[in-house]
Amino acid sequence: PPSLLIARAAPPQGSDERRRPVAGMLSRLRLACMAGSRVAMLSLQMKETVYRVSAMVSVGAVKYNSPHSRCLVSGSENKLLGADEDEEGEPLTTKLTVFPPKHSRLPCYRVLTEEGTIAEGAEVPAGITRDLARKMHQKMIALQVMDKTLYTSQRQGRISFYMTSDGEEGTIIGSAAGLNAEDTVFAQYREQGLLLYRGYTFDQFTAQCFGTEADGTKGRQMPVHYSSPELNFHAISSPLGTQLPQAVGAAYAEKLEQLKRGLQQPERATCVYFGDGAASEGDFHGALNFAATLQAPVIFFCRNNGWAISTPTSEQYRGDGIASRAVGYGIHSIRVDGNDILAVYAATLEARRTCLENCAPVLVEAMSYRVGHHSTSDDSSRYRDMNRGYRIVDPLSRFGLWLANQGWWSNDEEEQLRKDLQADILRSIKEAEAAPKVPVRELFNDVYHDLTPHLQEQQEEILNLVKMHPDGFIKKN
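What comes next is a walk through the structure.

Thresholds applied
The numbers attached to residues start from 1 for each chain and follow its sequence in the written order. Given that the model is predicted, a residue must reach a pLDDT of at least 70 before its local features are reported, and side-chain atom pairs must reach 80 or more before they are shown or counted; all residues, however, enter totals for whole chains, interfaces and linings. The side-chain figures draw on all heavy atoms in the structure; neither hydrogens nor water molecules are used. For helices the rule is a DSSP run of H or I covering at least 4 residues; for strands it is a run of E covering at least 2, with both sets numbered from the N terminus onward. Two residues qualify as a contact provided that any one of their heavy atoms is within 4.5 Å of a heavy atom in the partner residue. Using a 1.4 Å probe, accessible areas were evaluated by the Shrake-Rupley method; residue-level cover was limited to the displayed protein chains. As used here, the term nonpolar core means buried Ala, Val, Leu, Ile, Met, Phe, Trp, Tyr and Cys residues forming a set that is joined through side-chain atoms within 4.5 Å. Each residue is assigned to one of three classes by its accessible area relative to the maximum for its type, calculated with a 1.4 Å probe on protein chains only: buried under 20%, partly exposed between the two thresholds, exposed over 50%. Multiplying one less than the number of residues by 1.5 Å gives the expected span of a helix. N or O atoms within 3.5 Å of each other form a polar contact, as long as, within protein, one can give a hydrogen and the other can take it, and as long as residues adjacent in sequence are counted only when both atoms are side-chain atoms. Lines fitted to the C-alpha atoms define the axes, with helices restricted to the stretch that makes contact. Angles between their N-to-C directions range from 0 to 180 degrees. Any angle from 65 to 115 degrees is called roughly perpendicular, while one under 35 is roughly parallel, one over 145 is roughly antiparallel, and all others are oblique. Crossing handedness is read from the near helix: turned anticlockwise from the far helix by less than a right angle, it gives a left-handed crossing, and turned clockwise, a right-handed one. We call Asp, Glu, Lys and Arg charged. Ala, Val, Leu, Ile, Met, Phe, Trp, Tyr, Cys and Pro are nonpolar, and the rest, Gly among them, are polar. A pair of strands counts as paired when DSSP detects no fewer than two bridges linking them. Orienting the strands away from the viewer, one traces the path from the first strand over the helix to the second; a clockwise path indicates a right-handed crossover. Salt bridge, as applied in this entry: a Lys or Arg side-chain nitrogen positioned within 4 Å of an Asp or Glu carboxyl oxygen.

### What about the overall build of the chain?
Working step 1: Helix and strand counts for the chain stand at 13 helices and 13 strands.
Working step 2: Restricting the contact set of the chain to residue pairs at least 6 apart, pairs at least 24 apart contribute 71%.
Working step 3: Approximately 25,100 Å² of the chain is accessible, and the part contributed by carbon and sulfur atoms is 51%.

### Here's the deal with the nonpolar core
Working step 1: Within the largest apolar cluster, 69 residues are counted, with the highest numbers of intra-cluster contacts made by Met136, Tyr162, Tyr226, Phe399 and Trp402.
Working step 2: A per-element tally of this core places helix H2 (residues 130-155) first, with eleven residues.
Working step 3: Contacts of methionine 136, omitting those with residues within four sequence positions, involve Ile128, Ile173, Gly174, Ala177, Tyr197, Ile341, Tyr345 and Phe399.
Working step 4: Among the nonpolar cores identified, the runner-up in size contains 24 residues, and Val272, Ala279, Val298 and Phe300 belong to it.

### Details of helix H11 (residues 395-406)
Working step 1: Given a rise of 1.5 Å per residue, twelve residues ought to cover 16 Å, and the 17 Å separating the end C-alpha atoms of H11 matches this to within 8%.
Working step 2: When we look at burial in H11, the residues that qualify are Pro395, Leu396, Arg398, Phe399, Gly400, Trp402 and Leu403.
Working step 3: Summarising the contacts, the buried residues of H11 are in contact with H2, helix H3 (169-178), strand S12 (332-337), helix H9 (341-358) and helix H12 (411-434).

### Some words on the side chain of threonine 376
Working step 1: In this fold, threonine 376 is placed in the loop between strand S13 (362-367) and helix H10 (388-391).
Working step 2: When its relative accessible area of 9% is taken as the criterion, threonine 376 is described as buried.
Working step 3: In contact with threonine 376, not counting residues within four places along its chain, are Tyr151, Gln154, Arg155, Phe161 and Tyr162.

### Description of H2
Working step 1: Between its first and last C-alpha atoms H2 spans 38 Å; for 26 residues at 1.5 Å apiece the expected length is 38 Å, and the two agree.
Working step 2: Following H2 by one or two positions, glycine 157 adopts a phi angle in the positive range, close to 85°.

### Describing the side chain of histidine 137
Working step 1: Here histidine 137 is to be found in helix H2.
Working step 2: A polar contact of 3.3 Å, which involves the side chain of histidine 137, links it to the side chain of glutamate 414.
Working step 3: Aside from chain neighbours lying at most four places away, what touches histidine 137 is Leu396, Phe399, Gly400, Leu403, Trp409 and Glu414.

### A look at the packing of H2 against H11
Working step 1: Where H2 meets H11, the axes come as close as 11 Å, and the angle between the chain directions of the two elements is 150°. The angle between H2 and H11 falls in the class roughly antiparallel. For the pair H2 and H11, the crossing hand works out as left-handed. Along the contact surface, H2 presents Ala133, Met136, His137, Met140, Ile141 and Gln144, while H11 presents Pro395, Leu396, Phe399, Gly400, Trp402 and Leu403.
Working step 2: Considered class by class, the residues forming the contact of H2 with H11 number nine nonpolar, three polar and no charged.

### Some points on unusual backbone geometry
Working step 1: Backbone geometry at valine 224 places phi at a positive 70°, although glycine is not the residue there.
Working step 2: For valine 224, a relative accessible area of 0% gives the class buried.
Working step 3: Of note in this structure, cysteine 359 is not a glycine but carries a positive phi near 45°.
Working step 4: Assignment of secondary structure puts cysteine 359 in the loop between H9 and S13.

### Topic: the pairing of S12
Working step 1: By the bridge criterion, six bridges tie S12 to S13 in an arrangement that is parallel. In the sheet register, serine 333 faces S13, and the bridge partner there is leucine 363.
Working step 2: Handedness of the crossover is the feature at issue here: the chain leaves S12, passes through H9, returns alongside S13, and the resulting connection is right-handed.

### Let's talk about the pattern of salt bridges
Working step 1: This model, assessed by the stated rule, comprises 25 salt bridges.
Working step 2: The closest approach of N and O atoms between glutamate 350 and arginine 353, which form a salt bridge, is 2.4 Å. Within this pair, glutamate 350 and its partner arginine 353 are both found in helix H9, separated by three residues, close to a single helical turn.
Working step 3: Assessed through its relative accessible area of 34%, glutamate 350 is described here as partly exposed.
Working step 4: Put simply, glutamate 357 and arginine 353 hold a salt bridge, and the shortest N to O gap is 2.6 Å. Separated by four residues within a single helix, glutamate 357 and arginine 353 lie in helix H9, roughly one turn from each other.
Working step 5: Via salt bridges that share partners, Arg105, Asp320, Arg335 and Glu365 belong to a single interconnected network.

Structure representation (structure tokens):
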């Protein structure tokens, strides 16, 4: 990319007007330059005054020629030629036009109808086999059983917090199936189904939620804030949207590493999940812009479930959802029915292919609905009609009907599977409750090689507190 850009505006001949920078004007014009240093000249007609703009770009030996770049061509006063265009480009105009804020809406891709049949004109995604389809359905059921049981355990006071994926099982499992197991994932906090799909066990989930010695995060994270380096799943953090720029950085680092190895295109992608509410954060816009300009192989996966805790999407934006924002950043985008697991699977596969082949970001918007409360700290009956969630087509029943029509699933199988899963998660919860907790000393480790004086003081204080109130702490501590 250009390492130096200097722009100055020269006033008309004979004018005593002082020179002033026009970097703001040039920021709207993207340069595509070949290796070496060049000077591009462009005359811009601004009312009756002609300004000559010179831009000196130092690019060393780097070729910068992205598909969405624009090249300033000397001597052309009526065209902005694209980097891969010869004669035609974006014409300038003398007619002032105010474009309306709303254009035609982006379509929403779907495969299955609400009755579980293939929609007219749609096709079953390539790669869907009996075994894969059954696994996807089984994982959705496992996610639903685990969520409901752990949610209930929180209501019983056995854990402090929980969040379910109720209504969004198709979005999470469908995207998990479309990704490669080696792809890096940055989650928000409702993507436990992806871990489940990659092999995370009930025992690992309960160890984290109960903070036992088996918890990989050593009890330092609140429940549902999972982490698994083995499954390429970065640690979840509560602050909204912070994972977005982090994912871009990880994707860019991965790209540079693979370029060093002589690969022409990345072998694995980075996928970052977020909700419609997080898209209102500044981190969202910064992440998209960085990803576009750095051409980072990252998939932005938005779960548009209609609610940012108690704020409906009608109060979050006036435009056409989230996917339409990608155009302004020069990013590919897909909108998909999040309750249709086959459509989500196909959309994720295509997003991944586009991301890797173009070494560029892709934004996927899955339209779904948050049937449950935002979390165990929320009561959504205070701000919305609770009956509406049950009128939304359940992704499990929708896909189950299609599986049954293929002869790949039965009600008896599902009933038995639910019983087995319920027994397994209850066993896991019972064992997690009885398991030793993480020692309090671990609270101070893994930051500094040697404890600093102020941490030593805090450690002594809390250990003395444990001695003073032994009945209020686990003896193991």
